[in-house]
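# Descriptive analysis of the structure
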Amino acid sequence: MEPAPRRNGLGRKLGLAGVVAAALVAVLVVAGVGDREAGSARLREWTEAQAIPTVALVKLDPQPGVASLDLPGRLQAATQAPIYARVSGYVKTRNVDIGDAVKAGQTLAEIEAPDLDQQLLQAKADLASAEASARLSQVTLDRGRILLSSAVMSQQDLDQRAADLGAKQAAVKAAEANVERQRALADYERVAAPFDGVVTARATDVGALINAGSSAVTPMFVVSDLRRLLVYVNVPQNYAPAIRIGAAASVSAPEYPGRAFPAAVEASSRAVDAASGATLIQLAIDNASGALMPGAYASVHFDLPGAPGVFRIPVGALIFDRRGLRVATVDADNHVALKRVTIARDLGAEIEIGSGLGADDRVVASPPDGLADGDLVRVVEPQAQRKS
């Protein structure tokens with residue numbers, strides 16, 4: 001009957017092992033549940049952290065910068081004269097061609113005008129006839145004065161002879177003026193250069209029929225002084241006040257890549273064209289080297305000083321919606337405040353803000369969609385404002 005106690009001892013051991021195993025399972029279950037709850041908490045925290053947008057800030061520079069403005073323009077000779085014929089006739093000789101340098105008074109061409117020559121001869125003959133008539137009237141008047149002293153002629157007759165002499169002398173002056181006019185026209189048979197320059201256009205040749213006056217379709221020649229050029233540009237209205245007389249600029253041409261020619265603002269129309277919304281500006285260029293050519297395309301570069309108290313921000317920082325134009329700023333607690341602003345000048349990649357911002361404002365460089373007042377954001381290091 002001894003085996004019974006052994007079985008009882010084995011049962012107790014097995015029961016104890018079961019209790020220990022159950023306790024171990026319970027511990028594992030509790031630990032697993034705790035780990036899952038901690039993981040869930042970490043996941044919630046991560047999800048909430050990811051929901052906060054990360055933004056970069058623009059560092060506002062209180063010092064006014066310099067804006068670059070590039071505008072297209074056309075070069076033009078400062079002094080340019082289209083040469084038309086003053087008399088009608090045929091081109092007898094042509095002494096110059098395009099590209100020739102000429103001096104003031106140099107003969108460009110000669111016109112043969114036989115009709116004008118005959119008119120000059122007739123004017124001289126008329127003058128000679130008028131002078132002869134005046135001499136005869138003078139002799140008649142002198143004789144009348146002698147006869148008046150002997151009472152052979154009346155004072156009335158003498159006065160008539162004096163009046164006749166006055167009329168003949170006036171006719172002489174008129175004939176002299178007509179001769180001088182015909183001579184002046186004859187001088188125009190020689191077409192001369194009005195100033196030192198270069199023949200930039202020619203539209204005539206020997207034997208061509210020439211009509212007097214500027215009613216012709218094209219001038220005989222065009223003489224241009226290339227030592228000084230002008231360039232005209234249309235400056236948008238919001239930039240025009242910053243470009244003053246005497247301001248420096250630079251001009252570049254496609255045929256000279258990488259080369260800039262200094263220029264200076266010489267004149268302004270002081271008016272805004274209603275069609276283009278721009279002001280016409282005239283600049284002068286010293287072209288003593290002759291590198292630039294009139295009529296060519298050119299690009300004009302201006303460096304415009306910024307106005308004090310005006311800040312520049314990237315164009316991507318603007319928010320435009322039904323409430324108007326605004327920017328997003330961040331306070332000390334990283335909460336968003338939307339501020340209404342106005343634009344002073346559009347510089348392309350950047351915008352000059354005329355009002356609405358202060359030097360201490362922290363402006364969001366590129367606000368995400370849906371950003372609203374009071375939203376919490378995560379701020380990264382502010383990016384330095386780019387200078388033009």
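Counting of residues starts from 1 at the beginning of each chain's written sequence and follows it residue by residue. Local features in a predicted model are, by the rule used here, given only for residues with pLDDT of at least 70; side-chain atom pairs are given and counted only at 80 or more, and totals for whole chains, interfaces and linings are based on all residues. The side-chain values count all of the structure's non-hydrogen atoms but skip hydrogen atoms and water molecules.

## Details of the overall build of the protein
Selection criterion: Here a strand is any run of E in DSSP of at least two residues, a helix any run of H or I of at least four, and the numbering for each starts at the N terminus. Exposure is judged per residue with a 1.4 Å probe applied to protein chains only, and the accessible area is read against the type maximum: over 50% gives exposed, under 20% gives buried, and values in between give partly exposed. Residues are treated as being in contact if the distance between any of their heavy atoms lies within 4.5 Å.
Scanning the protein from N- to C-terminus turns up three helices and 23 strands. Among the 388 residues that make up the protein, the fraction classed as buried is 31%. Within the protein, contacts between residues separated by at least 24 positions form 75% of all contacts whose residues are at least 6 apart in sequence.

## Topic: the sheet that holds strand E6 (residues 107–112)
This is how it is decided: Paired strands are those between which DSSP finds at least two bridges.
Strand order in the open sheet formed by four strands is E7-E6-E4-E9, and the pairing between neighbours is antiparallel. The sheet is open, and its two borders are formed by strand E7 (190–192) and strand E9 (209–210), each paired with just one other strand. Pairing between strand E4 (residues 89–94) and E9: two bridges, direction antiparallel. Residue pairing across strands places tyrosine 90 opposite leucine 209, the latter belonging to E9.

## Some details on the pairing of strand E17 (residues 324–330)
When you tally the buried positions in E17, you get seven out of seven residues, the bulk of the element. Linkage of strand E16 (residues 318–321) to E17, two consecutive antiparallel strands, is achieved through a turn of two residues. Looking at chain direction, E17 and strand E18 (residues 336–340) are connected through five bridges and run antiparallel. Bridge pairing in E18 links arginine 326 to arginine 340. From the end of E17 to the start of E18, which pair antiparallel, there are five residues, and asparagine 334 there has a positive phi angle of about 65 degrees.

## Some details on the sheet that holds strand E15 (residues 311–314)
In any sheet, the strands associate via hydrogen bonds between backbone groups, in a parallel or an antiparallel arrangement. This is how it is decided: Only the stretch in contact is used when a helix axis is fitted, and all axes are lines through C-alpha atoms; the angle between N-to-C directions ranges over 0 to 180 degrees.
The sheet built from three strands is open, its strands ordered E15-E20-E19 with antiparallel pairing. Looking at strand neighbours, the two that pair on one side only are E15 and strand E19 (342–346), the edges of this open sheet. Recorded for the sheet is a direction-independent mean angle of 40 degrees between the axes of neighbouring strands. One ladder, built from four bridges, connects E19 with strand E20 (residues 350–355); its direction is antiparallel. Its bridge partner being in E20, isoleucine 343 is matched across the sheet by isoleucine 353.

## Some words on the pattern of salt bridges
Using the following cut-off: A pairing counts as a salt bridge when a side-chain nitrogen of Lys or Arg comes within 4 Å of a carboxyl oxygen of Asp or Glu.
Under the counting rule described, the total for this entry stands at 10 salt bridges. For aspartate 164, the salt bridge identified is with lysine 168, shortest N-O distance 3.5 Å. One end of the pair, aspartate 164, and the other, lysine 168, are both in helix H3 (residues 155–187), four residues apart, so they sit about a helical turn from each other. Note that arginine 183 and glutamate 180 form a salt bridge whose closest N and O atoms lie 3.2 Å from each other.

## Considering H3
Where we set the bar: Each helix should span, by expectation, one fewer than its residue count multiplied by 1.5 Å.
If you check H3, its first and last C-alpha atoms are 48 Å apart, about what 33 residues at 1.5 Å a residue would give, namely 48 Å. All of the buried residues in H3 are Leu158, Leu165, Val172, Ala175, Val179, Gln182, Leu185 and Ala186.

## Things to note about unusual backbone geometry
We note that arginine 270 has phi near 55 degrees; this positive angle belongs to a residue other than glycine. Relative to the assigned elements, arginine 270 resides in the loop between strand E12 (261–268) and strand E13 (278–286).

## So, the packing of aromatic side chains
Let me state the cut-off plainly: Classification of ring pairs uses Phe, Tyr and Trp, with its six-membered ring standing for Trp, and accepts pairs whose centres are within 6.5 Å; under 30 degrees between planes counts as stacked, over 60 as edge-to-face, and the remaining range as tilted. Consider the ring centre and the ring normal. A charge sits over the ring if Lys NZ or Arg CZ is within 6 Å of that centre and within 35 degrees of that normal.
Per the stated rule, a full pass over the model turns up one aromatic pair. Stacked on the ring of tyrosine 188, the Lys or Arg arginine 86 has its end atom at 5.9 Å from the ring centre. Stacked on the ring of tyrosine 256, the Lys or Arg arginine 259 has its end atom at 5.3 Å from the ring centre.

## So, the nonpolar core
So the rule is basically this: Here, the term nonpolar core denotes a set of buried Ala, Val, Leu, Ile, Met, Phe, Trp, Tyr and Cys residues that are joined through side-chain atoms within 4.5 Å.
Residues Leu75, Val235, Leu283 and Phe302 are the most contacted members of the largest nonpolar core, which totals 29 residues. Of all the secondary-structure elements, those providing two or more residues to this core are strand E3 (66–83), strand E10 (221–236), strand E11 (248–252), E12, E13 and strand E14 (297–305). For this core, the element with the highest residue contribution is E3, accounting for five residues. Aside from chain neighbours lying at most four places away, what touches phenylalanine 302 is Ala67, Ser68, Leu69, Leu71, Val233, Ile243, Ala249, Val265 and Leu283. Within the second largest apolar cluster, 22 residues are counted, among which are Val87, Val102, Ile111 and Ala113.

## Remarks on the side chain of glutamate 189
The test is simple: Only four residue types enter the tally: Lys and Arg on the positive side, Asp and Glu on the negative side, with His and both chain ends excluded.
Tracing the chain through its elements places glutamate 189 in the loop between H3 and E7. Despite being buried, glutamate 189 has no salt bridge partner; lysine 92 is the closest side chain of opposite charge, sitting 7.6 Å away.

## Structural notes on the side chain of threonine 329
Defined as follows: Polar contacts, as used here, are pairs of N or O atoms within 3.5 Å; protein pairs need one atom able to donate a hydrogen and one able to accept it. Residues neighboring in sequence count only if both atoms are side-chain atoms.
Of note, threonine 329 is situated in strand E17. Since its relative accessible area comes to 4%, threonine 329 is described here as buried. Here alanine 337 takes part through its backbone oxygen, which lies 2.7 Å from a polar atom of the side chain of threonine 329. In contact with threonine 329, other than residues within four places in its own chain, are His335, Val336, Ala337, Lys339, Leu357, Asp361, Arg362 and Val363.

## Some remarks on the environment of valine 300
Inspection of the secondary structure assignment puts valine 300 in strand E14. Residue valine 300 is classed as buried on the basis of its relative accessible area of 0%. Dropping the residues within four chain positions of it, valine 300 is found in contact with Leu69, Asp70, Leu71, Val231, Val233, Ala249, Ser250, Val251 and Leu283.

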